[in-house]
Amino acid sequence: RTQARYELFASGEALGASFDARLSSDQRGRPQSVRVRAYRSDPAGQMLGPLQATHVAAGDISSMSSPLGVQPIAGRGAIVTNRPLDLPDSFDRTTFRGDLPVGWEAELYRNGQLLAFASPGADGRYEFADVRLVYGVNRFESVLYGPQGQVRRDVRTIPVGIDAIPPQKTYYWAAIVQEGRDLVRLIRDDRPYRPGWRGTVGVERGINRRTSIGAWATTLMIEDRRYSIAEASVRRAMGSTLAELTGSAQSGGGYAARLYWVGELSKGMFQFESLNARHGYRSDRIPLGVTGLHSLSFDQTVQIGGSALPVHIETRYRTQVSGQNRIEAATRLSASWRNLSLTGQLDWRRTLSGRSLGGRATDEVFASLLANARVGRMRVRGEAQIGLSGPAPDRQVAVVGEWTQSERTDWRAELGYDHRAQRGRIGAGYTRRFDRLAL
């Protein structure tokens, strides 16, 4: 079997707007899709006259989210907003998404902690979805690594506190997007559920320095059914904490409520969430049949010697109509030294079967490790996920090593193994830069 793929990227300025473009093929080398995004951003909010917009985009865009109804998705459409460019659309979480060519890898750091790795998806993008925000300053750094030693960094700072929406200030946004569709698709889409169009509008207003309110209205397709969702929330700062209460109603009679509370506690950061859904409520954030999502987490930095080690502890409880409820617990420890970043996590999960299923309980324990190290001219990145117990323990390992031999020569090696798929992977690369070309 022979496969051939290519991707072409372009960006620049045209007709008073910035644009990004991508042309990609399928595995037979046939043109498959074209993505083009045209946009303008103005931090001063002087676009579109009375709308005082800060950002306008059309073509292939990313939509905005809401507390209960929708997650940010990529697709073709248009968006306009007057929100500050560095303000996340949800105060408790955010999503990072961008183009990632074949052979590239992405890493995400928060306040120096290595959180996740990502490889290109089938759509040629990387995505870190629903990344939690902690109270205070969140400094995120997305690092992209190319197969010829390229390194691209994107730093974004997101504050979470009482001053997110100034008093008597109103922010709005409106978007229409067709989920998962590139601007132009040149090959037939064979997916069983073709993505539908969704539209959303939202508004937030600061009442005073500690209180703000918001409202959202959304229509969207989930699989082959259209839903309409209305949401309203009130956010209030209390001391060094911030709480948000949201209610939502859906066409067909379903409704949901959510309390989210985040803040400082004993020199650490806590997050509490309690979500309840009834009468078949369904959305991007709440799968069909789920009646409750409850979680509590705590982040604390421990000083050992001259090193600061961030520790994260979290418990979660999920309830379903079927009675097949689930309890989860996780702990994560991160460490960073001058040339080394490590993140290890241990997860435990117990699934409680309902009476109709015999009332059995199953336990799963699995560990994961992320590492990025530089030793001299060599950089090593690795990821491991190992199932320690459970019905079908899974094991996945991937390691990439890059070595700079000289200013003109680089080497690359890659090893990987997926136990569930019974598949190993090995790769090697050599890069040589001449005066007028690179091989």
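The coordinates are above.
Residues numbered from 1 in each chain as written. Predicted model: local features only at pLDDT ≥ 70, side-chain atom pairs only at ≥ 80, totals over all residues. Heavy atoms only, no water.

### Observations regarding the pattern of salt bridges
The tally for this structure, following the rule as stated, stands at 35 salt bridges. Between Glu273 and Arg258 there is a salt bridge, with its nearest N and O atoms 2.7 Å apart. Pair noted here: Glu273 is in strand S19 (residues 268-278) and Arg258 is in strand S18 (residues 255-265), with a separation of 15 residues, a long-range link. The two residues Glu273 and Arg258 agree in class, both being buried. The salt bridge partner of Glu328 is Arg349, with a shortest N-O separation of 3.5 Å. Here Glu328 is found in strand S22 (residues 325-337), whereas its partner Arg349 is found in strand S23 (residues 340-352), with 21 residues between them in sequence. Taken together, the shared-partner salt bridges in this structure form one network comprising Arg83, Asp92, Arg93, Asp130, Arg132, Glu204, Arg235, Glu244, Arg258, Glu273 and Arg285. (Salt bridge = Lys/Arg side-chain N within 4 Å of Asp/Glu carboxyl O. Helix = DSSP H or I, 4+ residues; strand = E, 2+ residues; numbered from the N terminus. Buried < 20%, exposed > 50% of the residue type's maximum accessible area, 1.4 Å probe, protein only.)

### Some remarks on the pairing of strand S5 (residues 74-81)
Remember that side chains alternate between the two faces of the sheet whenever the strand is regular. With six of eight residues buried, S5 is to be regarded as a mostly interior element. Relative to S5, strand S4 (residues 55-62) runs antiparallel, the two sharing eight bridges. Among the inter-strand pairings, Ala57 is bridged to a residue of S5, identified as Ile79. (Pairing = 2+ DSSP bridges.)

### Some points on the nonpolar core
By size, the foremost hydrophobic cluster in this structure holds 20 residues, and its most contacted members are Ala106, Tyr126, Phe128, Phe140 and Leu242. Counting residues per element, the ones that place at least two in this core are strand S7 (105-110), strand S9 (125-132), strand S10 (136-145), strand S11 (151-160) and S18. Broken down by element, this core gets its largest block of residues, three residues, from S9. Setting aside chain neighbours within four positions, we find Leu242 in contact with Phe91, Tyr135, Val160, Gly161, Arg235, Arg236, Ala237, Tyr260, Trp261 and Val262. Core analysis: the second largest hydrophobic core is formed by 12 residues, Leu68, Val70, Ile286 and Val290 among them. (Core = buried A, V, L, I, M, F, W, Y, C linked by side-chain atoms within 4.5 Å. Contact = heavy atoms within 4.5 Å.)

### Structural notes on the environment of Arg316
Positionally, Arg316 belongs in strand S21 (residues 307-320). Residues Arg316 and Arg278, spaced 38 residues apart in sequence, show a C-alpha to C-alpha distance of 19 Å. Setting aside anything within four residues of it in sequence, one finds Arg316 in contact with His294, Ser295, Arg326, Ile327, Glu328, Ala330 and Asp347. Among the polar contacts listed, one links the side chain of Arg316 to the side chain of Glu314, at a separation of 3.3 Å. (Polar contact = N/O pair within 3.5 Å; in protein donor to acceptor, adjacent residues only side chain to side chain.)

### Thoughts on the environment of Val184
With respect to the helices, strands and loops of the structure, Val184 is situated in strand S13 (residues 184-185). For Val184 and Ile304, which are 120 residues apart along the polypeptide, the C-alpha to C-alpha distance reads 54 Å. Not counting the four nearest positions on each side in its chain, Val184 is found in contact with Gln32, Ser33 and Val34.

### Some words on the sheet that holds strand S8 (residues 113-118)
Taken in spatial order, the four strands line up as S8-S7-S10-S11 in an open sheet, and their pairing is antiparallel. Looking at which strands have only one partner, the edges of the open sheet turn out to be S8 and S11. Averaged over all pairs of adjacent strands, the angle between strand axes in this sheet comes to 20°, irrespective of strand direction. Where S7 and S8 come together, five bridges link them in antiparallel fashion. Bridge pairing in S8 places Leu108 opposite Ala116. (Axes fitted to C-alpha atoms, helices over the stretch in contact; angles between N-to-C directions.)

### Description of the environment of Val34
Of note, Val34 is situated in strand S3 (residues 31-41). Spatially, the C-alpha atoms of Val34 and Ser24 are 6.7 Å apart, while their sequence positions differ by 10 residues. The residues touching Val34, leaving out its near neighbours within four places in the chain, are Arg22, Leu23, Asp60, Asp182, Leu183, Val184 and Leu186.

### Quick look at unusual backbone geometry
The phi dihedral of Gln168 falls on the positive side, at around 65°, and the residue is not glycine. Note that Gln168 resides in the loop between S11 and strand S12 (170-179). Its relative accessible area of 52% is what places Gln168 among the exposed residues. Located in the positive-phi region is Lys267, a residue other than glycine, with phi close to 65°.

### With respect to the side chain of Arg332
Within the fold, Arg332 resides in strand S22. The buried charged residue Arg332 lacks any salt bridge, with Asp299 as its nearest oppositely charged partner at 4.3 Å. (Lys, Arg positive; Asp, Glu negative; His and termini not counted.)

### Regarding the packing of aromatic side chains
Under the definition given, this model contains five aromatic pairs. Between the aromatic rings of Tyr126 and Phe128, the centroid separation amounts to 5.8 Å while the plane-to-plane angle is 55°, which identifies the pairing as tilted. Judged by relative accessible area, Tyr126 falls into the buried class, the value being 8%. Taking 6.3 Å as the distance between ring centres and 50° as the angle between the ring planes, the aromatic pair formed by Trp173 and Trp216 counts as tilted. With a gap of 43 residues between them, Trp173 in strand S12 and Trp216 in strand S15 (residues 211-222) connect regions that are remote in the sequence. (Phe/Tyr/Trp six-rings, centres within 6.5 Å; stacked < 30°, edge-to-face > 60°.)

### Here's the deal with the pairing of S23
Judged from the 13 bridges that link them, S22 and S23 form a sheet pairing that is antiparallel. Across the sheet, residue Trp337 finds its bridge partner in S23, namely Leu340. As consecutive antiparallel partners, S22 and S23 are separated by two residues. Where S23 and strand S24 (residues 361-375) come together, 13 bridges link them in antiparallel fashion. The residue bridging Thr351 from the neighbouring strand is Thr362, located in S24.

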